[in-house]
Amino acid sequence: MMKKTMAVARKELRQIVRDTRTLTILLVVPVFFLLLYGYALNWDIRHVRLAVDDRDHTMQSRSLVAAFVNSGYFDLVASITDAETDRLMDRNDVRAILVIPSGLGRALRTARPVAVQVLLNGDNANTATTVMGYALTIIRNESARYTSATGAPSALWRSTPLVTVEPRIWYNPQLRSTLFLVPGLIAYITMITAVVSTALSIVREKERGTMEQVRMAPVDTASFVVGKTVPYFVISLVSASVIIVAAMLLFGMPMRGSWSLLMLAVSLFLVGALGLGLLISSAAETQQVAFQLAMLASFLPTFILSGFIFPISSMPRFLQVVTYAIPARYFLTALRAIVLKGARLDAFWIELVALAVFATVVLTLAAVRLRRQWS
Amino acid sequence: MRRIGFLIWKELIELRQDPDLLGIVIVAPILQLFLLGYAATTDIRDVPVVVADADRSVESRDLVARFDASPSFTIVGVVTSPQDVDPYLERGRAWMALAIPAGYGESIGRGETETLQVIADGSDANSTNVALGYAMNLLAAYAQEKTAAHVPAVRARPPGIEPRVRVWFNSRLESRDFMIPGVLALLLLVITTNLSSMGIVREKELGTLEQLNVTPLGRSELILGKLLPYALVGLVDVCLVLGIAVLWFQVPLRGSVALLFAMTIVYLLTTLGLGLFVSTISSTQQQAMMTTIFFFLMPMIYLSGFIFPIENMPAAIQPLTYLMPLRYYLAMLRAIFLKGVGLETLWPDALALAGWGVVVLTLAVARSTKRIA
């Protein structure tokens, strides 16, 4: 069994090494992607393009505009009049418009309430929500200056509220989105590399007719499947380790937990991903179909359903159930627990078990399917 | 022209004889659309919260009930001591902890100021940021109410500046309306670029390309005949996706459908050109697949503004996004869907996209001599 497995593995390895482009893609491209995307992607919204329609032109209105600019979140790109609003918003030249009514200064000096308008471009709901939060905070702070400065209302308006709140953020105090995206990217890139490398490996032999030769050889399906997995496992493990080390060196991803547990989690995840690729490969009859299946089974779910980008708790109930079948979900939880939280095994052993179960199931299914096709 | 027709016919017959592939090009878009339509929401709901209630008074229970009643939060556990929240946060079972100190209810009753603690798990920075904002708003309203109860003379409307926010184009702030036009763009890329490149390389691998080469077909006829069927499949998928988006997900389609299709055809020039280009530089389907996934698909997904806004990227990276044809098509799709604007606003994007189409297609055709095509 062992010898047969190694024979298949050796043959596969020779084939991989001969195709230098594929090998280079598998080894080099993942790191390159981590670099590019780790650097490029973030959700920290800064430099929101703001236009101001100031109909007041008083000290108070200028101070409000200054508060927006000094916050560091907004870049003032234009001072406009009402007529230009539509054009600027339509062409995405600005994301927010602050409309200050005439009479703002007078109202504030005489301690009367006054409303200012904020127009937001809502096409990207996520960005819009964040920008709205920034704007509300700035206006509230600016408003508080007048409430406390005028002195008059303080008798009626208690300056310290009865309940105060002290927020604290654990694990990632500055809320750097890199620290949250990089583990996700690691899971994503690893998954893609692993599935892509094996998804075509069996169907290719079917399409070319070499499968018949393998069938004639004294190799059973189990050693065939394991033998196909081993070389890709070695390559993917090397590439995954390089990504993880790069993430630590270049993006300051911390390592608060144990290395051996991390490698265990990575290995389990990889075997599952490779197994999924093999299963697809054994199910498909042509490489085009295998490719489409790979996209559907790995690319999209890892991207959408793993909690990498979209929070699972916000999804509809039935989709939340589906996420339990996505290995990246468990890997991501374990990865974040190990590197960011420094949690011990008792906090995430369930995730590791789930990964192991997934790997066993897909590999067994792949072997069973092959056996049925061979007999 | 008739010869191209025959070739297209041959391709379509092949497609029909591969029921798996045909099924997938029809089912895959629908599945993707539903996945993204339902899952791709960056709205934060039902944030799991654990409460460390050291007080257990009427007052503290009232506060917990407010969190539970809010659609943004779900209470997943109530413990007594603040130390007990650790395992919840560590395992990711709760994203946020609310600590209510002992004696809270009494202090509030006496009108003394009390401090609540909110602990958030920052490992998912984006969601945490939003969830924390919700929590602070909820608590601010709560604090104001409690304060008002003790200072009866508080004015209904305090002096100062009152913000009035209006959101344009997507007033419900629905992420779905933003994501679904993106699915359309992504889908076309996957279907047309990948399938066409693999389809051509497949004939290379199987040796049947040789047979096509000895037919009297000209080079351009051969290329057109190989690419057009995929364009057709792509357009069918566009209709499918549009139908579901508008009828099922009720994404507003405010602009002109004709313009949308016109731009789609311009976009197809690029995606098919890329497919042809990949096929000229690949000798196996595996190479073709990896080249498209890694060098075209992934960069386009991440750097086109599909999910991550371009304006958030560092200034050094932003110029790279101009290299992504998807960027222009996506911007136009979203503008047509949500803003209902026409060419008078979109012409720079349309021009850039058309430019890309011509460049890519010319390059690909130039590279493919009849022998390789």
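Residues numbered from 1 in each chain as written. Chains lettered and ligands numbered in written order. Predicted model: local features only at pLDDT ≥ 70, side-chain atom pairs only at ≥ 80, totals over all residues.

1. Points about the overall build of chain B
In step 1: Secondary structure summary: chain B contains 14 helices and 5 strands in total.
In step 2: Of all 373 residues assigned to chain B, the portion counted as buried reaches 47%.
In step 3: Across chain B, contacts joining residues at least 24 apart in sequence account for 78% of those joining residues at least 6 apart. (Helix = DSSP H or I, 4+ residues; strand = E, 2+ residues; numbered from the N terminus. Buried ≥ 20, exposed ≤ 12 C-beta atoms within 10 Å, placed from the backbone. Contact = placed C-beta atoms within 7 Å.)

2. Things to note about the domain arrangement of chain A
In step 1: Splitting chain A by domain gives domain 1 (2-41 + 176-374) and domain 2 (48-155).
In step 2: Relative placement of domain 1 of chain A and domain 2 of chain A: their C-alpha centres are 49 Å apart. (Domains from an automatic or database assignment.)

3. Digging into the nonpolar core
In step 1: By size, the foremost hydrophobic cluster in this structure holds 195 residues, and its most contacted members are A96(A), A290(A), A294(A), F331(A) and Y329(B).
In step 2: Per-element tally for this core: the top contributor is helix α7 (residues 175-206) of chain B, with 16 residues.
In step 3: Beyond its immediate sequence surroundings of up to four residues, F331(A) is in contact with A187(A), A265(A), F269(A) and L355(A).
In step 4: In this structure, I44(B), L98(B), I108(B) and V130(B) belong to the second largest nonpolar core, which totals 30 residues. (Core = buried A, V, L, I, M, F, W, Y, C linked by C-beta atoms within 7 Å.)

4. Here's the deal with the packing of helix α11 (residues 259-283) of chain A against helix α12 (residues 287-304) of chain A
Residue and element names in this part refer to chain A.
In step 1: Between α11 and α12, the least distance of the axes is 9 Å, while the angle of their chain directions is 140°. In terms of crossing hand, the pair formed by α11 and α12 is right-handed. Contacts between α11 and α12 involve L276, G277, I280, S281 and A283 on the former and, on the latter, A290, L293, A294, A297 and S298.
In step 2: When grouped by side-chain class, the residues that make up the contact of α11 with α12 number 7 nonpolar, 3 polar and no charged. (Axes fitted to C-alpha atoms, helices over the stretch in contact; angles between N-to-C directions. Left-handed = near helix turned anticlockwise from the far one by under 90°. Nonpolar A, V, L, I, M, F, W, Y, C, P; charged D, E, K, R; others polar.)

5. As for the domain arrangement of chain B
In step 1: With domains assigned, chain B is organised as domain 1 (2-40 + 173-367) and domain 2 (47-150).
In step 2: Computed from C-alpha atoms alone, the centre-to-centre distance between domain 1 of chain B and domain 2 of chain B is 48 Å.

6. Structural notes on the pairing of strand β2 (residues 73-79) of chain B
The two faces of the sheet receive side chains in turn, since in a regular strand these alternate between them.
Residues and elements named next belong to chain B.
In step 1: The pairing of strand β1 (residues 47-53) with β2 spans 6 bridges and is parallel. Within β2, the position partnered with V51 by the bridge is V78.
In step 2: The parallel pair β1 and β2, bridged by helix α3 (residues 58-69), forms a crossover whose chirality is right-handed. (Pairing = 2+ DSSP bridges. Right-handed = clockwise from strand over helix to strand, strands pointing away.)

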